[in-house]
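# A look at the structure
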Amino acid sequence: MRFALAGNPNSGKTTLFNAITGKIEQVGNWAGVTIAKKEGDLKKNLNPGEEKIRIVDLPGVYSLTPFTSEESITYDFVREENPDVIINIVDATNLSRSLFFTTQLLELGIPLVIALNKGDLLEKKGIKIDKNLLGEKLNVAVVETVSTMDKGLDKLIQEAVSSSEKIQKNNLPSGLDDDKKRFAFVDEIVKEIEIREIASHKQTKQDAVDRIVTNKFLGIPIFAAVIFAVFSVSQTYLGPLLADFLVGWIDKFYVYVASFLGENASPVLSALLLDGIIGGVGAVMGFLPLIMVLFFMLALLEDSGYMARVAVVMDRHLKKVGLSGKSIIPMIIGTGCAIPGVMATRTIKNETQRRTTAMLTPFMPCGAKLPIIALFAGVFFEDAAWVGTLMYFVAIFIIIIGALLVQKITKEGPSRNYFILELPEYKFPSLKRATLNMFSRGKAFIMKAATIILICNAAVQIMQSFTWNFQVVEEGMESASILAGISAPFAFIFIPLGFGVWQLTAAAITGFIAKENVVGTLAVVYGITNFIDTEELALVSGAADVASVMGLTSVGALAYLMFNLFTPPCFAAIGAMNAEMDSKKWLWAGIGFQFGIGYTVAYFVYQTGTLLTTGSFGAGAIPGLIGVIAFFATITYLIRKREQEVNLRVGEVH
Amino acid sequence: MADIILTAVIVLIIGAASLKMIRDNKKGSKCAGCPYADQATNSCNAEK
């Protein structure tokens, strides 16, 4: 038997799906978190019979008229896959909007049960609903549920099972093909079954808070303060304290294995196991507690309802530069991982806006980039929380500039799409959900360190241990290694950016496989077993020593960090860009743009910073400037070319 | 002898890591390269 969960976006479908299947799918406070159907088996303790029941969670839609690809998934499923029962999740606090879709579902003739969800908010909002009358009016079973508290789930499933044996008949009047008539019919029902004690125009406390949080001038400073607080706690206070214990264990393990191997084992094999695998992976793993605290705090923020307000604040700025209002959702998802962020662009109807968003989303610092931020903030800036905060805002700035340039090249007018986002209620965030989210992401981090990072570090160690003739590299002669041979030819490009050495170049190159590799490779090539002090409870032990080994100034380090963050993401994310853009021209333009922007930002940070701190420009200022000018000349050429094409077309028309 | 055991251990570790990656890729998830993806959204198995 198959039950489909269908309803409006943000009505709580995925929360209900998690509650009845025991799965842990990501839930979000905005529309678009679910853009594909998800399946799972009903929990045994909820199943009244013996037959297995499959639950299908469908993307949220407002009607059965599909506009975007994820809406088509719901449309196709309910029309063609013929589920045994549709459980229609209805947001009890917003009946008028929800029941429009319900009436369309009823016309399909598939057995239907209404889950009147978010019942806990009714009293708070002064709303009373006569659910029995609603059931009579529509000829369906109505069950009150609170999916966040597992309330009403037993009854909902029982009703769904018994409905599966019935033939669904509806009491709907004829002539509902016209949307206006359908809305009028729904409004009539709502008038009869709903009593609102609080007039909707009355300003609530939440409205008052929203006026400040989403204010045109205060919105961004408030967001900056919140992100600063998150980075302070995760990377300056609590994170390093917890990391200290973990690094202590990693250190002990390293020493234990080293003593076990003793002098008998081959130095090359010992180095591969100790420095390549244990050291390289250990250096990345050392950041696990920091990342977990950060994820925990971001999950609290999202659950509290604040992140939806950030979407509203940013929407204002993105629309001015030609992006869709919906572009903010992929970008927020991209802070977790660029791949689903890029995939979420399919909710944008306009092709140019969709491709532009797919090109710009990877600029947001994703989870894989966080260890690099933590490392460089710790080594060069005394655990400063402003470094992480700055990276998010530089990313937003780049996105706005990038969108503006693409708008000029493509000659797309300002966006006329309206981004409608229902702001969720502010609430005390669920510690349970944030903890589950934190452990889930922590597990993902460990799995990545134990697979792709481990393999890459081992490969880096092997390439560093041998020359091109497969002779073992002698100590101090690493520049003759295969790794140096591959990286050195690229290193000269980075001299104007302040990091023109093969070791840093090698780390940047491995970063294209997975961004955490930058940290692992730096640990391997510089022979640093961990970056976290076990004695002083500080993030990085002997930060000055580490900085001096790398041969970077603080300005050079900031440039290196920005280069790694704002050049193309990992290959997997590039693959997602390829799939969503569906155009080789756009893909290569996107990759070229990301390289150009990353290089330009790093160049200006290094050269300007060096000028301010030393009184003169850094090495390679002129060649670097030529490169930057070449990049902008290409963009100017594309803009001019497009202008000429448009003028030519206008001339032909006249 | 120590080198043989050490080589076997290294091959075992790298082999296990490689196998895990191959298995993940075979699942067909579009986010196989990024384990954080499932925590960010529900779109990894989305079909175009």
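Just so it is clear, the structure is predicted and the values come from calculations on it, not from any experiment.

### So, the packing of aromatic side chains
In this description, a pair of aromatic rings is defined by centroid distance and the angle of the planes. All names here are of chain A. The tally for this structure, following the rule as stated, stands at 16 aromatic pairs over all chains. With a centroid separation of 5.5 Å and 50° between ring planes, the pair formed by Phe376 and Tyr560 is classed as tilted. You can see Phe376 sitting in helix H16 (residues 370–381) and its partner Tyr560 sitting in helix H23 (residues 554–566), a full 184 residues away along the chain. A residue is classified by how much of its surface remains accessible, and Tyr560, at 0% relative accessible area, is buried. With a centroid separation of 5.6 Å and 55° between ring planes, the pair formed by Phe499 and Phe563 is classed as tilted.

### Comments concerning helix H9 (residues 219–261) of chain A
The largest bend along H9 of chain A reaches roughly 60° and is located at Gly239 of chain A, with the proline Pro240 of chain A sitting one to four residues downstream. After H9 of chain A finishes, the residue Gly262 of chain A shows a positive phi value of roughly 60°.

### Concerning the confidence of the model for chain A
Residues and elements named next belong to chain A. Mean pLDDT over chain A stands at 85; residues scoring 70 or higher make up 92%. Of all helices and strands in chain A, the one with the weakest mean pLDDT is helix H22 (residues 543–550) (72), whereas helix H25 (residues 584–614) scores best (95). Within the model, pLDDT remains below 50 along residues 534–539, and this stretch shows 19 contacts once partners closer than five positions in the same chain are excluded.

### So, the nonpolar core
If you look at soluble globular proteins, the nonpolar side chains tend to sit buried side by side. All names here are of chain A. Within the largest apolar cluster, 147 residues are counted, with the highest numbers of intra-cluster contacts made by Phe376 and Leu522. The leading source of residues in this core is helix H17 (residues 385–410), at 12 residues. By size, the runner-up hydrophobic cluster in this structure holds 34 residues, among which are Ala4, Leu64, Ile114 and Phe185.

### Topic: the packing of helix H12 (residues 306–320) of chain A against H17 of chain A
Residue and element names in this part refer to chain A. Between H12 and H17, the shortest axis-to-axis distance is 9 Å and the interhelical angle comes to 30°. When the interaxial angle is binned, H12 and H17 end up roughly parallel. Here H12 contributes Met314, His317, Leu318 and Lys320 to the contact with H17, which in turn contributes Ile396, Ile399, Ile400 and Gln407. Residues of the contact of H12 with H17, tallied by class, amount to five nonpolar, two polar and one charged.

Cut-offs used in this document
- Residues numbered from 1 in each chain as written.
- Chains lettered and ligands numbered in written order.
- Predicted model: local features only at pLDDT ≥ 70, side-chain atom pairs only at ≥ 80, totals over all residues.
- Heavy atoms only, no water.
- Phe/Tyr/Trp six-rings, centres within 6.5 Å; stacked < 30°, edge-to-face > 60°.
- Helix = DSSP H or I, 4+ residues; strand = E, 2+ residues; numbered from the N terminus.
- Buried < 20%, exposed > 50% of the residue type's maximum accessible area, 1.4 Å probe, protein only.
- Bend = angle between axes of the 7 residues up to and from the residue.
- pLDDT = per-residue confidence, 0-100.
- Contact = heavy atoms within 4.5 Å.
- Core = buried A, V, L, I, M, F, W, Y, C linked by side-chain atoms within 4.5 Å.
- Axes fitted to C-alpha atoms, helices over the stretch in contact; angles between N-to-C directions.
- Parallel < 35°, antiparallel > 145°, perpendicular 65-115°, else oblique.
- Nonpolar A, V, L, I, M, F, W, Y, C, P; charged D, E, K, R; others polar.

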